[in-house]
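# Analysis of the macromolecular model
The residues making up each chain are set out below.
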Amino acid sequence: MIAKPIEVKALNDYSIFVEFSDGLQGTVDLQHLAHKGIFLNWDKNNLFSQVHIDSYGAIAWNDDIDICPDSIYLQLKGLTFEQWKQQNPN
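Cut-offs applied
Residues numbered from 1 in each chain as written. Predicted model: local features only at pLDDT ≥ 70, side-chain atom pairs only at ≥ 80, totals over all residues. Heavy atoms only, no water. Buried < 20%, exposed > 50% of the residue type's maximum accessible area, 1.4 Å probe, protein only. Helix = DSSP H or I, 4+ residues; strand = E, 2+ residues; numbered from the N terminus. Pairing = 2+ DSSP bridges. Lys, Arg positive; Asp, Glu negative; His and termini not counted. Salt bridge = Lys/Arg side-chain N within 4 Å of Asp/Glu carboxyl O. Polar contact = N/O pair within 3.5 Å; in protein donor to acceptor, adjacent residues only side chain to side chain. Contact = heavy atoms within 4.5 Å. Phe/Tyr/Trp six-rings, centres within 6.5 Å; stacked < 30°, edge-to-face > 60°.

## Structural notes on the pairing of strand S3 (residues 25-29)
By the alternation rule, side chains of S3 split into Gly-26 and Val-28, which are all buried, and Gln-25, Thr-27 and Asp-29, of which none is buried. By the bridge criterion, 5 bridges tie strand S2 (residues 15-20) to S3 in an arrangement that is antiparallel. Paired with Ile-16 across the strands is Val-28, a residue of S3. Between S2 and S3, which follow one another and run antiparallel, lie 4 residues, and Gly-23 among them has a positive phi close to 95°.

## As for the side chain of Asp-54
Following the sequence through the fold, Asp-54 ends up in the loop between strand S4 (52-53) and strand S5 (59-60). An unpaired buried charge is present at Asp-54: no salt bridge exists, and Lys-4, the closest side chain of opposite charge, is 10 Å distant. At 2.9 Å, the side chain of Asp-54 forms a polar contact with the backbone nitrogen of Ala-58. Beyond its immediate stretch of four places on either side in the chain, Asp-54 contacts Ala-60 and Asp-66.

## Considering helix H1 (residues 69-77)
Among the residues of H1, Pro-69, Ile-72, Tyr-73 and Leu-74 are the ones counted as buried. Packed against the buried residues of H1 are strand S1 (5-10), S2, S3, S5, strand S6 (66-67) and helix H2 (81-87). Looking one or two residues past H1, Gly-78 carries a phi angle of roughly 75°, positive in sign.

## Some remarks on the packing of aromatic side chains
A full pass over the atoms with the stated rule returns 8 aromatic pairs. Measuring from ring centre to ring centre gives 4.8 Å for Trp-42 and Phe-48, while their planes differ by 75°; the resulting arrangement is edge-to-face. Each of the two residues, Trp-42 as well as Phe-48, counts as buried. Aromatic side chains Phe-48 and Trp-61 sit 5.8 Å apart centroid to centroid with 25° between the ring planes, which places their arrangement in the stacked category. Pair noted here: Phe-48 is in the loop between S3 and S4 and Trp-61 is in the loop between S5 and S6, with a separation of 13 residues, a long-range link. Taking relative accessible area as the criterion, Trp-61 reaches 3% and is therefore assigned buried. In textbook terms, an aromatic cluster arises when at least three aromatic residues are bridged by ring pairs, as seen for Tyr-14, Phe-39, Trp-42, Phe-48 and Trp-61.

## Quick word on the sheet that holds S4
Pairing is antiparallel in the open sheet, where 3 strands are placed in the order S4-S5-S6. Strand pairing shows two members of the sheet lacking a second neighbour, S4 and S6, which therefore form its edges.

## A short note on the environment of Val-28
Counting through the fold element by element, Val-28 comes out in strand S3. Residues Val-28 and Lys-77, spaced 49 residues apart in sequence, show a C-alpha to C-alpha distance of 11 Å. Every residue in contact with Val-28, bar those within four places of it in the chain, is listed here: Tyr-14, Ser-15, Ile-16, Ile-72, Gln-75 and Leu-76.

Encoded structure:
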């Protein structure tokens, strides 16, 4: 099972700091999402700075915008899902 996020903070330039329950932590650049589709809303009412962990464990900004924490975890680990699965067969 992939660890769950326990802390998230907005940083400058569409980056977030995330810490997971297994101690993994780091900064993830989300600038590639900014100014596209639903993520256009990050610029409205300072929404990007309101990032939080929602009741389902997703990294979220509001009811419409969230990111799967598993993808963020794997990005911080530098692994694809297939590579992670090989290392964690259970």
